[in-house]
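What follows is the residue order along each chain.
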Amino acid sequence: MATGYPFKEIEEKWQAAWAKDNLYRAHDGVPKKNADKFYGLVEFPYPSGEGLHVGHPRSFTAIDILTRKKRMEGKNVLYPMGWDAFGLPTENFAIKHKVKPQDATMRNIANFKRQLISLGFGFDWSREINTSDPSYYRWTQWMFLRFFNAYFDTVEGRARPIDELAIPDIIRAKGDAAVRTYIDGWRLAYKTKSIINWCPRCKTGLANEEARGCVCERCESAVEQRTKSQWMLRITVYADRLIRDLDTVDYLDKITSQQLHWIGRSEGAYVDFQIKRQSLKVNSDGGCLLPDKVTVFTTRPDTLFGTTYLVLAPEHPLIETWIREGNVTNADKVRAYQNGTRLKSELERKESKEKTGIELKGVMAKNPVNGKMISVWTADYVLGGYGTGAIMAVPAHDERDFEFAKTFGLPASVVVAKVGHAEVQLPFIDEGIAINSGAIDHLKTAQAKDAMIEWLEQNAVGERKTTYRLRDWVFSRQRYWGEPIPIVLCKACGFVPVSDDQLPVILPDVEKYEPIDTGESPLATIRDWVETTCPRCGNPAERETDTMPNWAGSSWYFLRYCDPQNNTSFADTDKLRYWMPVDLYNGGMEHTTLHLLYSRFWYKVLWDLDLVPRECGSEPYAKRRSQALILGEGGIKMSKSKGNVVNPDHIVAIYGADVFRVYEMFIGPFDQDAPWDTNGIEGVKRFLDKVWRMYGMEANDRDLPNSVAEDMNAVCLSESAEMLLNQTIKKVSDDIEAMHYNTAVSALMILANELSMRPLTRYVAEVFLKLLAPFAPHLTDELWHRLGHETSVHIAGWPIADPSKLIAAMFELVVQINGKVRDRIVTPSDISQEGAIKLALASKKVKDILSGKAPKKVMYVKGRLVSISF
RNA sequence: GGGCCCGUGGUGGAACAGGUAUACACAGGAGACUUAAAAUCUUCGGCCGAAAGGCAUGCAGGUUCGAUUCCUGCCGGGCCCACCA
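What counts and how
Residues numbered from 1 in each chain as written. Chains lettered and ligands numbered in written order. Predicted model: local features only at pLDDT ≥ 70, side-chain atom pairs only at ≥ 80, totals over all residues. Heavy atoms only, no water. Near = heavy atom within 4 Å. Polar contact = N/O pair within 3.5 Å; in protein donor to acceptor, adjacent residues only side chain to side chain. Pairing = 2+ DSSP bridges. Helix = DSSP H or I, 4+ residues; strand = E, 2+ residues; numbered from the N terminus. Axes fitted to C-alpha atoms, helices over the stretch in contact; angles between N-to-C directions. Salt bridge = Lys/Arg side-chain N within 4 Å of Asp/Glu carboxyl O. Buried < 20%, exposed > 50% of the residue type's maximum accessible area, 1.4 Å probe, protein only. Disulfide = S-S within 2.5 Å. Contact = heavy atoms within 4.5 Å.

## Here's the deal with the protein's contact with RNA strand B
And then number 1: As a matter of local geometry, RNA strand B sits amid 55 residues, with Arg212, Thr299, Arg400, Arg824 and Ser867 nearest to it.
And then number 2: When the atoms of RNA strand B within 4 Å of the protein are grouped by moiety, sugar and phosphate amount to 62% of the total.
And then number 3: Between RNA strand B and the protein, one listed contact pairs a phosphate oxygen with a side-chain N or O atom of Arg212 at 3.0 Å.
And then number 4: Note that a phosphate oxygen of RNA strand B is positioned 2.9 Å from one of the side-chain N or O atoms of Asn742.

## Some remarks on the sheet that holds strand 23 (residues 531-533)
And then number 1: With respect to topology, four strands assemble into an open sheet ordered 22-21-24-23, the strand pairing being antiparallel. Bordering the open sheet on either side are strand 22 (494-497) and strand 23, each of which pairs with just one other strand. Averaged over all adjacent pairs, the angle separating strand axes in this sheet is 45 degrees, with direction ignored.
And then number 2: Relative to strand 22, strand 21 (residues 487-490) runs antiparallel, the two being bridged by four bridges. Bridge pairing in strand 22 links Val488 to Val496.

## Details of unusual backbone geometry
And then number 1: Following Leu503, the chain continues to Pro504 via a peptide bond in cis, the omega torsion being 0 degrees.
And then number 2: Along the chain, Pro504 falls in the loop between strand 22 and helix 15 (527-530).
And then number 3: Following Met580, the chain continues to Pro581 via a peptide bond in cis, the omega torsion being 0 degrees.
And then number 4: Relative to the assigned elements, Pro581 resides in the loop between helix 17 (573-579) and strand 25 (584-586).
And then number 5: In this model, Ala460 sits at a positive phi of 55 degrees, which is unusual for a non-glycine residue.
And then number 6: Its location among the elements puts Ala460 in the loop between helix 14 (442-458) and strand 19 (462-468).
And then number 7: For Asn818, which is not glycine, the phi torsion reads 50 degrees and is therefore positive.

## Considering the pattern of salt bridges
And then number 1: Scanning all chains against the criterion turns up 54 salt bridges.
And then number 2: Of the charged contacts, one joins Asp848 and Lys844 as a salt bridge, the two residues approaching to 3.1 Å between their closest N and O atoms. Within this pair, Asp848 and its partner Lys844 are both found in helix 27 (residues 844-850), separated by four residues, close to a single helical turn.
And then number 3: Since its relative accessible area comes to 62%, Lys844 is described here as exposed.

## Examining the state of the cysteines
And then number 1: Enumeration over the complete set of coordinates arrives at zero disulfides.
And then number 2: Of the cysteine sulfurs around Cys493, a residue in no disulfide, the closest is that of Cys537, at 3.7 Å.
And then number 3: Given a relative accessible area of 10%, Cys493 falls into the buried group.
And then number 4: Cysteine Cys537 shares no disulfide, and the gap to the nearest cysteine sulfur, in Cys490, comes to 3.6 Å.
And then number 5: We classify Cys537 as partly exposed; its relative accessible area is 33%.

## Some words on helix 3 (residues 88-96)
And then number 1: Residues Leu88, Pro89, Thr90, Glu91, Phe93 and Ala94 constitute the buried set of helix 3.
And then number 2: For helix 3, the elements touching its buried residues are helix 4 (101-118).
And then number 3: Within two residues after helix 3, Lys98 carries a phi angle of roughly 55 degrees, on the positive side.

Written as structure tokens, this is what we have:
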């Protein structure tokens, strides 16, 4: 096992040398021509207690290889690294080990950094950042206040400073308090009471994105619904731009489609149903048609005629009103149902799709299009948080409505009618069974929808409306280890931002920081921190005690890398102008609808407010790619509980960093899951050992290479070897750009197999090292220096294939008869079509098979084959 | 239930703007070197067949001179979303 090249010595030596020479430092202030900079980014890790996982290096090595190639091509490369240090993983680790999160973070960072350096990544460590450092989170807080002090101008479709918000006279007339409420209602960061996801184990509120599948993203506990007052970021106003701008970036298709799906834009209409409440006996018809109404959202207004009942979500506020005013004759039963659904967890709801619900007796609704009176129900299959929390049920057209109608014996028939000028084609139903009139084509549906919306708007009973699945971002966390939200709550002045010159609001260093179950952050218990004075009026006031989610710091870290030590702004404008946007961003698919979406939104707000220069463009990442998982041996997911976690430290100790890196690239396609295979890594070790021997190095040999001919022209390459060399240059170059690392490695192996059979010329020896350098940076720099160079191979220039040496003089012409290969004839590459066909027909095998018959069709595919059919 | 993706040797996988299927590597067999082992090198491996040849890229069809690649329908697996009106 200990045989082979002395990787430990070599790797430590070069890691030290690179650091000493600042080899990977990115240079600011270099004049920017068209494409002379390259900003490669990988998601910075949470410095957890477990240390580096083998999944991290897969992403880091891939972009390391690409940025190394760019650097060798002469680009000014920025490849930075830092620590996403705030947040639950670190805090939970600290709690478990009874240490302070601050100390745990420092210790974990030191460990991560040691590991990353041992793997030989070309990070510019001079730009290292840490989101939990006050010099960093000062700017996170500063940005939060920019959100607080901004609103979204719906006409211009962009964020603007809140000072520019026009206050309607009617509001102004009501006085200061009304104006303040009005302004607060527009802010991009706002505090409001709403129903949110609450993790009982982490004891904190969560964003919608963190509670996918109704379980906590961190600990996988089932989430509860709690009504809480929370800080929110108004991401929903950016929904359209987040969709539209996807056209301007190069993201993996599945990433684009997942984001689109998550944002979930639906076009349709609001429709108003007037409500008749029977118990108020005013009208002659025995009821009172009050001016109150239920507004529903539908994507199919054309099916309005088919509406046979209305359903409100159990938490719909009108239900409460009607009960209070005595209009619901079965109020007790309705209350019982509401309570029942509240107790049912989201998970339980998910499990059973059986329709439940109850009619609101005594309440009827009037269908605006035909005046028909229909019953009103509440059921938990209608969600409070989407649309208006109420639907018009069209059992003929919607499977869920049909299910519900069947369960409760509701009518499901439909009338055909004329709306306005257009003939509206309506869904139909046979005996209440058929669902959805598939015969109606899309064009007709679109026309019918438009006609109906037009009619609704003309009659003032509805309007065109687009809704989104996306919800505003719940930004409060009831945990200690995060950025304090820099807001002071004053009885007189309301929410008052801490002034910029008072930032950062330092997270107090305390002994007890465990989450508490009161729904408040543990900061609330630190009274001398909470109690402060109002920055505006000077009277006693209290600090906001919620902290930010860990997604805050990571929403803008790529900007900080451009100018990490700046004390006067989050980053210098010229430096942003130079480096942004990120040219390539690689990270996990699990962040597609979390970090990736959040940071796009965050960046757009900064850009709108001109805090990021216009020239950088409205998107932070020009290109986004994603690595797949490395699974445990046997193809199952690596996990501590299964005991199949591979520790990078072990692999580096046994095989060295270069073998580890090359193996992770060779393991399979970058975007495809691949199982770890201990045998597979042996193969890569053999490959690098062979390279070592190829350069005349026996194990532990310290002499200069002895099989490399010093004179560049001393040994001529055979034509085939020269071709292979040039083909490999092209293949490796193209594969790195396309992130097809596995085939790039295999091309290098093929070349090595060929070259190891003969003495190397200096030229070939150097080209091969350059091609291998991004993959195995230590070994190649060692051999490069042993060849007599004073400077690093990593700045030695990238080889370019000679196009004239890519095509051989001869090739093997394949002859197919009826699609089957029957002969192969070695032929000059420049053979004409006629010549190739003549040659093929002259083949003995062909003659035998044709046996005198005339071919029906003969064709020549240039440089490949002749196809004969008969 | 909806969306996206994937099925190729014993294994990881090559090849896809349609054109020689199984590159490279692992595991395995045989051999060389060695007192022996490790390491290294040579060599053989899709299936059937003595050979000629035939059959093979999940299954069944289609388009084509030619399909792993394109189309349709199944079967199997993965990821994301999920009562979103």
